[in-house]
Amino acid sequence: GSGGMGLSLGVGGGKGKGASHGLAVLDSPGRGTKTPLLDDGGIDTGLGFEPLALGGGIDPTGGGGGDEGSDESKTAAAGDLEADDDDGAGPKDVGSAAASASAGFVPQDRSMAFQHVAGVLLRDDRLAFERMLFRISRGNCYARFVDVDDEMENEAGEGVFKTVFIIMFRAASLADKLRRLMDAFSASRYDLPSFDNPHEVARTVQALEAEIDQAARLLTEHRRTALMALRDLAETHDMMRKGVMREKAAYHTLNLFQSDMSGILRAQGWVVRDAIPHVQQAISDAHARTRGGAGLPSFLNRVEGPWPTPPTHFKTNKFTALFQETVDTYGVPRYREANPALFTAVTFPFLFGVMYGDIGHAFMLFLFACITIAFEGRLAKAKLGEIPGAMYKGRYMLLLMGLFGMYAGVIYNDTFGLGLDLFGSRWRLPQGAAAPPANATRTMVRAGATDDVYTIGIDPAWHLSINQLLFFNSLKMKMSVILGITQMVFGVCLKFANAIHFRSRLDVFAECVPQMIFLLSFFGYLVFLIFLKWSIDWNAPPPPAASPPALIDTLIAIVLQPGTVKDVMYEGQAAVQVCIVLVMFICIPWMLLTKPLLLRKWHNEAAKRAPGGRHMYSSQLHGGGGGDTGAGGRASLGEVELQEPGLEPPAHADDGASSVGASSAAGFVGEPAGAVGHAHEEHGHGEEFDFGEIFTHQGIETIEYVLGCVSHTASYLRLWALSLAHSQLALVFYQRAFIAAVNTGNPVMVYIGYGVFMGATMGVLLMMDVLECFLHALRLHWVEFQSKFFRGDGYKFEPMNFRTLLTKKGN
């Protein structure tokens, strides 16, 4: 029932009849309509109540009752029902009361009225809330839940769903427990008027509706005001944000300055030599624009060394920027070190083309790059994703990759896996050879069958020969070895250039010379054998050559069986190969021992001259010829004094050094002459001499170079492997997808087969294979090529630049 309804409890009996028990709920006082809840000793628990245990004496004569005992029985029953245990929610015993003569009556006491409480809680907490509600009330309450369909926002602005509930109970002691329960579940409580007063209920509903309408109007107005404020803020937000970033960057740089007693700010740093006039003009303009600063002096002077190694700076453009970034990802070049990006701009797309050689596929890649370059202005303003942005950034690299891919495709005579007979095949049947059958589609092609040579690339007849795969494997394998050894020799040449540029005579004598001899003696000899084998006509080989040798077996025999040659190609081959082995084994201890022993010798000589017999060796011990950088190899900023304007750094002629000339990196003001590039030398500067450490380091370098020459040569065979894989995949897709569909004669199958062929070509050969060849070419440059000369231990020149600051990702 609802709150405010009266309960009447009566026990009575008819004369000469059995006792009957009845519990009735009257809708309102004074009305005789009754809703029976209790019949024959049981209470209906459909509303969540527990059965009441009723007890009491019944007059067997049927006496007692009537209206006379109604007040007493009501009072006793109310007193018994209000009696509660410690929890205030347990089952209650109803004591004996005077039997009522009537079956129902209007109660005069409202103490039997139900109380109610309402609220809202999260829908996810409903089950736990119901469980706890049953426990604390022991089932002596009635709860009703209704889910709210609309999503609401919590304090954090997150969307949640809630449930409205109302709880009806009688025991007054439950009110405090229910309040604490709702607080525990963070449920909102709402006061409701008595349901016995319909006018009060109607007024409450009207007030709530008016409050809801007012809140909706306020929210609408607030949303409109917020949108207007955000619109005004959006117009100036970007300008304000950029202004704040500029101010922060300016003050951060100013914090690096030092102030003296006269209030002048001083700072020391690096300036690109070509930018000195611009820097001087900028300082003068800044003083002229500053209030009260027009009459103050300003100056920009060169600082006399020694200084730490300057940063590295390269002027790049949209074509060279990506190649420089590719090198910088591996390591920033040391100041004035040979920059691999200059050579990578050519060798990287060339090696990619060797692996991807196909006229058709490379032309599609070239066409894509051309379209990207043609619309680079529009694409630069568009917001591209990660992958499209990377492709746009590498558009010029893709252009060269497509060009070299087409060039290699012309050499291979390979277009979508097929050979092109552009200039007419030069293959003819040898004299005296039987003509092939009329239905023959593939015949044997032998080298030297005719003196006529195909105009450019490989004769298309090889694509129809039985030994096609054998011929292409042999050609591409040998070509990969030649290209790899050539690039490694060029890397050692660049190491020569670095050592000569830094005037490190020790590195030239103890590392560069033996490394070059070792590389050329064994692997250069392999290239010589390849060209010699190609130049011999094995149909009529000149003596002492008899049959074409297996070059791999020849290389193995050079080391394991010196002086033994199975298939001789020229006179004195055995003696030459013995000399090669001797030279190789001489170069290994040369690389291992020369540099550490010379360093120890120079250290001992310097220690005898130094006071106290202690010497801190610096870069001239390494052949650097540089001035001493002091303890730690770096002069602190506070110890460097300003020079007079216009003076150049002095040349340390006594150390055999002079100012370093121009190289791949831009020159910086303040660099110490003759000491450039040695602050990061592998042996350190200003450290105590440790022969064991130097010897261990040199041993690691020697082992790495000797084993690297073997492994790197084998690594270049990936040029052959990926080229073979690309051509064979293209041929398989063409024959198994397109030609097989054409042979069926069914137009539908031709349409489907062509779709499968183009899908495989686009997905595998134009996407996956491009990425695969790109990664392998990148590895060949980072590991096989750059490891021969590149230190990569420099650091970038990063001056304060508002444009760079504001164009960074996220700004």
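Only a predicted model underlies this, so the values are computations on that prediction, with no experimental measurement involved. (Residues numbered from 1 in each chain as written. Predicted model: local features only at pLDDT ≥ 70, side-chain atom pairs only at ≥ 80, totals over all residues. Heavy atoms only, no water.)

Trainee: So what's going on with the overall build of the protein? Which residues, and what values?
Mentor: What the protein contains, in helices and strands, is 19 helices and 16 strands. Classification of the 811 residues of the protein by burial places 36% in the buried group. (Helix = DSSP H or I, 4+ residues; strand = E, 2+ residues; numbered from the N terminus. Buried < 20%, exposed > 50% of the residue type's maximum accessible area, 1.4 Å probe, protein only.)

Trainee: Outline the packing of helix H7 (residues 340–356) against helix H12 (residues 468–501), listing residues and values.
Mentor: Running from N to C, H7 and H12 cross one another at 165 degrees; their axes reach a closest spacing of 12 Å. Relative to H12, H7 is oriented roughly antiparallel. Where H7 crosses over H12, the two elements pack in a sense that is left-handed. Across the interface between the two elements, Phe343, Thr347, Phe350, Leu351 and Val354 from H7 touch Met479, Leu483, Gln487, Phe490 and Leu494 from H12. Taken together, the residues of the contact of H7 with H12 sort by class into 8 nonpolar, 2 polar and no charged. (Axes fitted to C-alpha atoms, helices over the stretch in contact; angles between N-to-C directions. Parallel < 35°, antiparallel > 145°, perpendicular 65-115°, else oblique. Left-handed = near helix turned anticlockwise from the far one by under 90°. Contact = heavy atoms within 4.5 Å. Nonpolar A, V, L, I, M, F, W, Y, C, P; charged D, E, K, R; others polar.)

Trainee: Report on the sheet that holds strand S7 (residues 115–122), specifying residues and quantitative values.
Mentor: Taking strand neighbours across the sheet as the criterion, the 4 strands line up as S8-S11-S7-S12 in an open arrangement whose pairing is antiparallel. A strand with exactly one partner marks an edge of an open sheet, and here the two such strands are strand S8 (142–147) and strand S12 (188–190). When strand polarity is set aside, the average angle formed by the axes of neighbouring strands in this sheet is 20 degrees. Bridging between S7 and S12 involves 3 bridges; their strand directions are antiparallel. Considered in S12, the bridge of Gly119 is made with Arg189. (Pairing = 2+ DSSP bridges.)

Trainee: Go over unusual backbone geometry, please, and point to the residues and values.
Mentor: Cis peptide bonds are those with omega within 30 degrees of zero, and the linkage from Pro543 to Pro544 qualifies with 10 degrees. As for its placement among the helices and strands, Pro544 is situated in the loop between helix H13 (505–535) and helix H14 (551–560). Despite not being glycine, Arg138 has its phi angle at roughly 55 degrees, a positive value. Position of Arg138 among the secondary structure elements: in the loop between helix H2 (126–137) and S8. Although it is not a glycine, Ser186 adopts a positive phi angle of roughly 55 degrees. Structurally, Ser186 can be placed in the loop between helix H3 (174–184) and S12. Under the relative-accessibility criterion, Ser186 is labelled exposed at 64%.

Trainee: With reference to specific residues and values, describe the packing of H13 against H14.
Mentor: Two numbers describe how H13 lies on H14: the axes approach to 11 Å, and their chain directions differ by 145 degrees. Considering the relative orientation of H13 and H14, their crossing is right-handed. Contact residues: Phe522, Tyr525, Leu526, Leu529, Ile530 and Lys533 in H13; Leu551, Thr554, Leu555, Ile558 and Val559 in H14.

Trainee: Before we move on, could you go through the nonpolar core and cite the residues and values that matter?
Mentor: Of all hydrophobic cores here, the largest spans 68 residues; its most connected members are Met401, Ile485, Phe518 and Leu519. For this core, the leading source of residues is H13, giving 11 residues. Ignoring any residue separated from it by four or fewer positions in sequence, one finds Met401 in contact with Phe348, Pro349, Phe352, Leu365, Val770 and Phe774. With 16 residues, the next largest nonpolar core counts Phe129, Ile167, Leu174 and Met182 among its residues. (Core = buried A, V, L, I, M, F, W, Y, C linked by side-chain atoms within 4.5 Å.)

Trainee: Account for helix H18 (residues 747–785), with residues named and values stated.
Mentor: Along its length, H18 shows its largest kink, about 35 degrees, at Asp769. Near the N-terminus of H18, the side chain that reaches the backbone nitrogen of Val748, with its oxygen 3.1 Å away, is that of Asn746. (Bend = angle between axes of the 7 residues up to and from the residue. Polar contact = N/O pair within 3.5 Å; in protein donor to acceptor, adjacent residues only side chain to side chain.)

Trainee: Any chance you could break down the pattern of salt bridges for me, citing the residues and the numbers?
Mentor: A complete count under the given rule lists 22 salt bridges for this structure. The residue Asp176 makes a salt bridge to Arg179 at a minimum N-O spacing of 2.5 Å. Taken as a pair, Asp176 and Arg179 lie in helix H3 at a separation of 3 residues, close to a single helical turn. Assessed through its relative accessible area of 34%, Asp176 is described here as partly exposed. In this structure, Arg189 and Asp183 form a salt bridge, with 2.6 Å as the shortest nitrogen-oxygen distance. According to the relative accessible area criterion, Arg189 is partly exposed, its value standing at 39%. (Salt bridge = Lys/Arg side-chain N within 4 Å of Asp/Glu carboxyl O.)

Trainee: Describe a nonpolar patch on the surface, listing the residues and the values that go with them.
Mentor: Taken together, the side chains of Tyr251, Leu254, Leu256, Phe257 and Leu265 make up a nonpolar region of the molecular surface, amounting to roughly 520 Å² of accessible area. The topology assignment puts Phe257 in the loop between helix H4 (198–254) and strand S13 (258–259). (Patch = residues over 30% accessible without salt bridge, like charges linked within 9 Å, V, L, I, M, F, W, Y side chains within 5 Å. Areas by Shrake-Rupley, 256 points an atom, 1.4 Å probe, with all protein chains shown as cover.)

Trainee: Which residues make up the pairing of S7, and what are the values?
Mentor: Two elements, S7 and strand S11 (residues 162–169), share 8 bridges in a ladder whose sense is antiparallel. Across the sheet, residue Gly119 finds its bridge partner in S11, namely Phe165.

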